[in-house]
Amino acid sequence: MGGVGFAVGVLGGLLLAHAAYATIQYRGMLKIVEEEFSGPPMNVVVELLVALVLCIFSGLTVPGKFLSILPDSDDNRVVSLPANLDFMIFNHRGRVFPSNADLKLKI
Amino acid sequence: MVGAAEEAQLNRLETQVDNGGGGAWEYLCHVRKLKARRPDKVLKHGLSILNNAKARSNLGAEEWTLYEQVAIAAMDCQRLDIAKDCISVLSKKFPGSTRVGRLEGMLFEASGAWADAERAYERLLQDSPHDQVIQKRKIAMAKALGNIAAAVEYLNKYLEIFMADQDAWRELAEIYVSLQMYKQAAFCYEELILCQPTDPLYHLAYAEVLYTMGGLENLQTAKKYYASAINFTGGKNTRALYGLCLCSSAINQITKGRNKEDKESPDLQSLVAEALVKDYKKKAPAKLPLVTNTLKSMKLIS
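A quick note: this is a predicted structure, and the numbers were derived from the prediction, not measured.

### Observations regarding a positive patch on the surface
There is a patch of like positive charges on the surface, built from B:K236, B:K278, B:K282 and B:K283. Here B:K283 is to be found in helix 16 (residues 266–283).

And the structure:
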């Protein structure tokens, strides 16, 4: 998906550049026929709109997934507090339940 | 704070590792990140990595973090021999380190040599008097010795200096609740809500303290905080739903026979009761009659 999105973005950029080039050419032509510039021609406007859509598409897909900002979504909903490890104490029932005696650190 | 998705991932990793599916290091990282307390699993899987020279060297510098994690887990399981081995490896690598010194102090604590632990911490505090972790260990030690009054005193002194330490506020609040000093506990939870305004569990705990204190004004405030806890969890916290039910019925009893202004509007109560019934219908249909009977006796549903 990332590759496709990137390619679409490049295409959009090229279209934008082409639209700019076409406008410059159009103004040059207007100078020759001695008319006033009132607005870009139709094909440039269409090109700009297509380029806009393509650039938005790639801008939304390339950087990655959207993250939820709702406080009650599964990503953000807080279900438990972390164990307060800085204040942990050791006189609890762990003493009574001996762990597996085979465990040993080999040095 | 532990999110729902993170907790689910931790549990998934735990079953995967327990069934021999690999991913032990990822699991241990997750335990560390979420600050979960699962000493037996950490000990087992941590040792399996540490005893495998190749897996251990793959970790690079993280190896020493793992030694520390396993040492603390071993103390938690009362496997002092393993803890001692881990700490000796660490002190060989980092001689004179405060962090290793703290581990040694904790080892004294775990073996019940309180005087030695006290001495070790005092020595470390002389070198760095503002080390938060060591001061917290001293507070925990007072608690472990059953000297709750001293623990409260130390904590208050500590919080005068380090006011932004949420863990300490939480610890103080829990100690106050265990001593039934609800007014003080409520103050601590207010601090916590100020620090973390979007954490529903602090809202919930604050509401519970207020509900326990009782009185119309406290009950009404408690109800608001239960409501905000429900808001932040999207109604998925059953405890908050029950709390709101209890608050409403208590308020109804107090305001019985009073004029209309003090009375609660019935909309919220019936809404919460409905949400509870719906939840039970979906997740535990066997318990549904019990819940409906209770809610009926509280006059929240008809």
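Now that the structure has been shown, we can carry on.
### Quick notes on the packing of aromatic side chains
Residue and element names in this part refer to chain B. Scanning all chains against the criterion turns up 6 aromatic pairs over all chains. Ring geometry for W64 versus F94: centroids 5.9 Å apart, planes at 85°, classification edge-to-face. Remark: F94 occurs in the loop between helix 6 (80–93) and helix 7 (98–110) and W64 occurs in helix 5 (residues 62–76); sequence separation between them is 30 residues. Take W64: its relative accessible area is 21%, and that puts it in the partly exposed class. Members of the aromatic cluster, each reached through a chain of ring pairs, are W64, Y67 and F94.

### Quick word on the UniProt feature "domain: EMC2 TPR-like" (unreviewed entry) in chain B
Under the local residue numbering, the UniProt record ascribes the feature "domain: EMC2 TPR-like" (unreviewed entry) to residues 99–209 of chain B. Span residues 99–209 of chain B is 81% helix and 0% strand, its end C-alpha atoms 36 Å apart.

### Thoughts on the interface of chain A and chain B
Think of interface size as the accessible area that goes away when the parts come together; that is how it is often given. Taken together, the contact between chain A and chain B spans 30 residues of the former and 50 residues of the latter. When chain A packs against chain B, close to 4000 Å² is buried across both sides, 59% of that on carbon and sulfur atoms. Ionic pairing is found between B:D81 and A:K104, a salt bridge with its closest N-O pair at 3.3 Å. Scanning the region where chain A abuts chain B turns up 15 residue pairs in polar contact (both at pLDDT 80 or more). In terms of residue class, the side of chain A that touches chain B is built from 15 nonpolar, 7 polar and 8 charged. By the bridge criterion, 2 bridges tie strand 1 (residues 78–80) of chain A to strand 1 (residues 2–3) of chain B in an arrangement that is antiparallel. Note that in strand 1 of chain B the partner of A:V78 across the bridge is B:G3.

### Things to note about a nonpolar patch on the surface
Taken together, A:V45, A:L49, A:L52, A:I56, A:L60 and A:F66 make up a surface patch of nonpolar side chains, about 600 Å² in accessible area. With respect to the element layout, A:L60 can be found in helix 2 (residues 42–61).

### Considerations on the state of the cysteines
Throughout the structure, instances matching the rule amount to 0 disulfides over all chains. With no disulfide of its own, B:C247 lies closest to B:C245 among cysteine sulfurs, the gap being 9.7 Å.

### As for helix 7 of chain B
All names here are of chain B. With 13 residues, helix 7 extends 18 Å between its outermost C-alpha atoms, agreeing within 8% with the 18 Å of an ideal straight helix rising 1.5 Å per residue. Taken as a whole, helix 7 has its buried residues at V100, G101, R102, L103, G105, M106, L107, E109 and A110. Looking at the packing, one finds that the buried side of helix 7 touches helix 5, helix 6, helix 8 (114–127) and helix 9 (132–144). The backbone nitrogen of R99 has a side-chain oxygen 3.1 Å away, supplied by the residue at the start of helix 7, namely S97. Of the residues trailing helix 7, G112 is marked for its positive phi of about 85°.

### Remarks on the nonpolar core
Ranked by internal contacts, the top residues of the largest apolar core, which has 57 residues, are B:L155, B:L172, B:Y189, B:Y226, B:C245 and B:L295. Formed by 46 residues, the second largest nonpolar core is a distinct cluster that contains B:L13, B:Y27, B:L66 and B:I82.

Definitions and limits used
Residues numbered from 1 in each chain as written. Chains lettered and ligands numbered in written order. Predicted model: local features only at pLDDT ≥ 70, side-chain atom pairs only at ≥ 80, totals over all residues. Heavy atoms only, no water. Patch = residues over 30% accessible without salt bridge, like charges linked within 9 Å, V, L, I, M, F, W, Y side chains within 5 Å. Areas by Shrake-Rupley, 256 points an atom, 1.4 Å probe, with all protein chains shown as cover. Salt bridge = Lys/Arg side-chain N within 4 Å of Asp/Glu carboxyl O. Lys, Arg positive; Asp, Glu negative; His and termini not counted. Charge placed at Lys NZ, Arg CZ, Asp CG, Glu CD. Helix = DSSP H or I, 4+ residues; strand = E, 2+ residues; numbered from the N terminus. Phe/Tyr/Trp six-rings, centres within 6.5 Å; stacked < 30°, edge-to-face > 60°. Buried < 20%, exposed > 50% of the residue type's maximum accessible area, 1.4 Å probe, protein only. UniProt positions renumbered as here; feature names shortened; annotations may be inferred. Contact = heavy atoms within 4.5 Å. Buried area = accessible area lost by both parts, 1.4 Å probe. Polar contact = N/O pair within 3.5 Å; in protein donor to acceptor, adjacent residues only side chain to side chain. Nonpolar A, V, L, I, M, F, W, Y, C, P; charged D, E, K, R; others polar. Pairing = 2+ DSSP bridges. Disulfide = S-S within 2.5 Å. Expected span 1.5 Å × (residues − 1). Core = buried A, V, L, I, M, F, W, Y, C linked by side-chain atoms within 4.5 Å.

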